[in-house]
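Architecture at a glance
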Amino acid sequence: MQLFLIQHTAGFTPPVASRSLGYGGLALYEAVVPGLPTHQSMAGQLDGLKNLPRVDPQAEYHWAATANAAEAQMLRMLFANASEANKAKIDSLENRLVVGFRSENVTDATLERSTAFGKQIADAVFEWSKADGGHEGYNRNFPADYKPPLFNGAWQPTENGRKIPMQPYWGRNRTFLTSNAVLPMPRPLPVSAEVKSHYFAQYLEVYTKNKSLTQTEKEISIWWADDPSETFTPPGHSYNLARITIQTARADLGTAAETLARTGLAVADAFTVCWKCKYVFNNERPYTFVRRTIDPSWTPFWPAPPFPGYTSGHATQSAAAAIVLAGIYGESFSFTDNSHVSRIRDLKRNTDFKARSFTSFWQAAEESAYSRYLGGIHTRQDNETGLSTGKIIGQNINRLQWRK
């Protein structure tokens, strides 16, 4: 339901979507953690998250009901600008699950108590969320007051024509983990149009590769593109991989909640850290450099997104998600990503959407990053630095005290 809402609600660009996944996953986890004797709350571990509502230790709770209530309440608040029809879908799903709980002979008192606790958790988490800088970010994706800096090698509008880049202030937002907020910003290669420079070589490589893509490479590129106008965005793709993992492993409710919480925190902090880096350096896209120095008529296989290139958001968030998933399910875990198998053929690029199979989460993260190089919109330094940074972000999340 959350992935559906991301795709069908105005303004849920990748940064905004990642934030919603962070709070959605956290609310789910906090709603069930009192029923998990081996786990503990994130209260006191995340930046500014202090006390959360507590259960009555003498009372009985139905934890699936608390999860259901917390998620429904959280989605109603996170997607306050959703259409009335889609808000009704949230209510419908919540009610349908309640009917299922009643069929399990859960008493009305237990169900009411569980539902009330779930909503209390969602309300508390949402109230905390409002101070992070990203509240209702769907209303300000392209702020008119931002003036893109001008210098040699600076980001410039690409073929999409956007004069203002997306979410230029997002990197100022509060991260979930303080340790992620203080990560140093890795400096990119010095700008140079000299043909023997490392900088020139990075962009020439993108241009050369883009002119000789195989059919398989085209399939990789469009599979991970996750255009926000047509899909649930790149962070949504990572969240869907978490869902696929949960189903593949036949995880129980507690493990599923932890999986979605870790993944949500991972993609949310990855986007905040990555966006900070993007606007510290405002690095140009291959589209700009190649047209300026190599081929004035070149157009990349995939259109360049409307924000600076360095570092890669795909690489950063995919790596962070891969690390937290491996932290729960192990380094070697085979799964099939079927996220886009229902999509019709991309006629413009003469390419089908074919499921991708992997033997590890990191293998998927590397392919996600590589897809942006194949698309002609990221250099190797964008991807490699993004993967390295994302790995650190994921490791920091894994270091939280999830277990007692």
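Above this text is the structure in question.
As a starting point, this report considers the structure included with it. The structure presented is a predicted model; accordingly, all values stated were derived computationally and were not measured.

Rules behind the numbers
- Residues numbered from 1 in each chain as written.
- Predicted model: local features only at pLDDT ≥ 70, side-chain atom pairs only at ≥ 80, totals over all residues.
- Heavy atoms only, no water.
- Axes fitted to C-alpha atoms, helices over the stretch in contact; angles between N-to-C directions.
- Helix = DSSP H or I, 4+ residues; strand = E, 2+ residues; numbered from the N terminus.
- Parallel < 35°, antiparallel > 145°, perpendicular 65-115°, else oblique.
- Left-handed = near helix turned anticlockwise from the far one by under 90°.
- Contact = heavy atoms within 4.5 Å.
- Buried < 20%, exposed > 50% of the residue type's maximum accessible area, 1.4 Å probe, protein only.
- Core = buried A, V, L, I, M, F, W, Y, C linked by side-chain atoms within 4.5 Å.
- Phe/Tyr/Trp six-rings, centres within 6.5 Å; stacked < 30°, edge-to-face > 60°.
- Lys NZ or Arg CZ within 6 Å of the ring centre and 35° of its normal.

The N-to-C vectors of helix 9 (residues 233-249) and helix 12 (residues 313-329) enclose an angle of 20 degrees; their axes lie 9 Å apart at closest approach. In this view, helix 9 runs roughly parallel relative to helix 12, as classed from their interaxial angle. The handedness of the crossing between helix 9 and helix 12 comes out as right-handed. Across the interface between the two elements, Pro234, Pro235, Ser238, Ala242, Thr245, Ile246 and Ala249 of helix 9 pack against His314, Gln317, Ser318, Ala321, Leu325 and Tyr329 of helix 12.

Looking now at unusual backbone geometry. With an omega dihedral of -5 degrees, the bond running from Tyr310 to Thr311 counts as a cis peptide bond. Inspection of the secondary structure puts Thr311 in the loop between helix 11 (286-293) and helix 12. Residues other than glycine seldom take positive phi values, yet Asn105 does so here, at roughly 65 degrees. Within the fold, Asn105 resides in the loop between helix 4 (84-102) and helix 5 (108-129). For Asn105, a relative accessible area of 70% gives the class exposed. Here Arg250, not a glycine, exhibits a phi torsion of approximately 55 degrees, which is positive. Tracing the backbone through its elements, the reader meets Arg250 in the loop between helix 9 and helix 10 (253-281). Owing to a relative accessible area of 76%, Arg250 belongs among the exposed residues under this scheme.

This part takes up the nonpolar core. Residues Leu46, Phe176 and Ile397 are the most contacted members of the largest nonpolar core, which totals 105 residues. Counting residues per element, this core draws most heavily on helix 10, at 14 residues. When neighbours within four sequence positions are excluded, Phe176 is seen to be in contact with Gly22, Tyr23, Leu26, Leu46, Asp47, Trp128, Leu265, Ala268 and Asp269. Counting residues in each nonpolar core, the second largest holds five residues, with Ala65, Val98, Phe101 and Val106 among its members.

Turning to the packing of aromatic side chains, a few remarks are in order. Within the structure shown, the criterion is met by 25 aromatic pairs. A network of ring pairs unites the aromatic residues Trp224, Tyr329, Phe333, Phe335, Phe358 and Phe361 as a single cluster. Just above the ring of Trp275 sits the side chain of Lys278; from NZ or CZ to the centre is 5.2 Å. A cation over an aromatic ring shows up here: Arg349 above the ring of Phe301, its NZ or CZ 5.9 Å from the ring centre.

As a further point, take the side chain of Thr389. Within the element layout of this structure, Thr389 appears in helix 14 (residues 380-398). Leaving out residues up to four positions away in the same chain, Thr389 has contacts with Leu183, Pro186, Val273 and Thr316.

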